[in-house]
Amino acid sequence: MAYQLICPCGENITSLNDEFVDDVQAHLSAEHPGRNYSANDIMSMAMEVSDKLVKPKS
Ligand SMILES: [Zn+2]
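Residues numbered from 1 in each chain as written. Predicted model: local features only at pLDDT ≥ 70, side-chain atom pairs only at ≥ 80, totals over all residues. Heavy atoms only, no water.

A. Molecular detail of the sheet that holds strand β3 (residues 47-49). With antiparallel pairing, the three strands of this open sheet are ordered in space as β2-β1-β3. A single partner strand is all that each edge strand has here, and the edge strands are β2 (12-16) and β3. Put simply, the sheet's adjacent strands are angled 30 degrees from each other on average, direction ignored. Two elements, strand β1 (residues 2-6) and β2, share five bridges in a ladder whose sense is antiparallel. When the bridges of β2 are listed, Tyr3 appears paired with Ser15. Contacting β1 and β2, helix α1 (residues 17-31) runs over the sheet at an angle of about 150 degrees to β2. (Pairing = 2+ DSSP bridges. Helix = DSSP H or I, 4+ residues; strand = E, 2+ residues; numbered from the N terminus. Axes fitted to C-alpha atoms, helices over the stretch in contact; angles between N-to-C directions. Contact = heavy atoms within 4.5 Å.)

Here you go:
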């Protein structure tokens, strides 16, 4: 299972379930310092998507 969140800045974050919250929080701290969301907040904004949409890590 994977999840996707389109950030208001346009960034598309798509990650497997066990990495998703970490990836979103990493994006927030890198691009939007001062915005802190709990795992629950992040999951409430996320959409469930196919694993096939997850890009391999580079
Ligand atoms: Zn963003």
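Following the structure, the description resumes.
B. Up close: the coordination of the zinc ion. Only Cys7 (SG), Cys9 (SG), His27 (NE2) and His32 (NE2) from the protein reach the zinc ion as donors, at distances of 1.9 to 2.3 Å. Classification of the site at the zinc ion as tetrahedral follows from its four donor atoms and the range of 106 to 113 degrees in their angles at the metal. All donors of the zinc ion come from a single chain, and their spacing in sequence reads C-x1-C-x17-H-x4-H. With Cys7 in the loop between β1 and β2 and His27 in helix α1, this residue pair connects regions lying 20 residues apart in the sequence. By the burial criterion, Cys7 is buried, and His27 matches it. (Donors = N, O, S within 2.8 Å, 3.2 Å for Na, K, Ca; no water. Tetrahedral: all angles 85-135°; square planar, octahedral: opposite > 155°, others 65-115°. Buried < 20%, exposed > 50% of the residue type's maximum accessible area, 1.4 Å probe, protein only.)

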